[in-house]
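# Residue-level structural notes
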Amino acid sequence: MLEARPAGLAIVQLMSATERTRAQVHTGLAHLRKVSAAKGLPPVTWDKRWGYRMLDDAPEVWIGYERAFFETVRLRVENFIAGTLLPHQKKTPNDPYIRTVMAQMGAIESTLQLLANLE
């Protein structure tokens, strides 16, 4: 990755360059993010146009990646609420557990939406 920056690489290119599977590359990227942060290196980001990159001074790229991440997580939370928690709540609407879970998950979803759209 350090050699590929700032040009960026697609996941398929990373797989080819490292001779690793997609899962291994994703695990490696997660590890690289942690190591980079610990060593004060720039964050590893991804976007559709450039692929994976490490840019020294690009807050707009970092923010764009972070916003996309928050939106992705928000959609997962939204789907979990709709597909799992709402049916549970309909079956046991007075259960204190599900009432607490619904309140907290609603707050999480709202926070993620705010972070994804923060100006």
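So, here's what we can say about the structure. (Residues numbered from 1 in each chain as written. Predicted model: local features only at pLDDT ≥ 70, side-chain atom pairs only at ≥ 80, totals over all residues. Heavy atoms only, no water.)

### A word on the packing of aromatic side chains
Tallied over the entire structure, the rule returns two aromatic pairs. Seen from their ring centres, Trp46 and Tyr52 are 6.3 Å apart, and the 55° between their planes marks the pair as tilted. Judged by relative accessible area, which is 8%, Tyr52 ranks as buried. With centroids separated by 5.9 Å and ring planes inclined at 65°, the aromatic side chains of Phe69 and Phe70 adopt a geometry described as edge-to-face. The exposure class of Phe69 is partly exposed, given its relative accessible area of 46%. (Phe/Tyr/Trp six-rings, centres within 6.5 Å; stacked < 30°, edge-to-face > 60°. Buried < 20%, exposed > 50% of the residue type's maximum accessible area, 1.4 Å probe, protein only.)

### Topic: the layout of surface pockets
Reported here for the largest pocket is a volume of approximately 440 Å³. Lining the largest pocket we find 19 residues, and of these Arg33, Trp46, Tyr65, Ala68 and Phe69 sit closest to its centre. Of all the elements in the fold, those that place two or more residues in the lining of the largest pocket are α2 (22–39), β1 (44–47), β2 (51–54) and α3 (59–91). For the lining of the largest pocket, the element with the most residues is α3, which contributes ten residues. Residues belonging to the lining of the largest pocket are distributed by class as follows: nine nonpolar, four polar and six charged. (1 Å grid on protein atoms, 1.4 Å probe; cavity = no way out; pocket = protein on both sides within 12 Å on 5 of 7 lines; lining within 4 Å. Points joined across faces, edges and corners; volume = space filled by probe spheres on them. Helix = DSSP H or I, 4+ residues; strand = E, 2+ residues; numbered from the N terminus. Nonpolar A, V, L, I, M, F, W, Y, C, P; charged D, E, K, R; others polar.)

### Here we look at helix α4 (residues 96–117)
When the terminal C-alpha atoms of α4 are compared, their 32 Å separation across 22 residues agrees well with the 32 Å that a helix rising 1.5 Å per residue should span. Within the sequence span of α4, burial applies to Ile98, Val101, Met102, Met105, Glu109, Leu112 and Ala116. Viewed end-on, α4 has its buried residues packed into an arc of 100°, placing them on one side of the element. Pointing more than 90 degrees away from the buried face of α4 are the exposed residues Pro96 and Leu114. Of the surrounding elements, those touching the buried residues of α4 are α3. Measuring from the side-chain oxygen of the N-cap residue of α4 to the backbone nitrogen of Tyr97 gives 3.1 Å; that N-cap residue is Asp95. (Expected span 1.5 Å × (residues − 1). Arc of directions from axis to C-beta. Contact = heavy atoms within 4.5 Å. Polar contact = N/O pair within 3.5 Å; in protein donor to acceptor, adjacent residues only side chain to side chain.)

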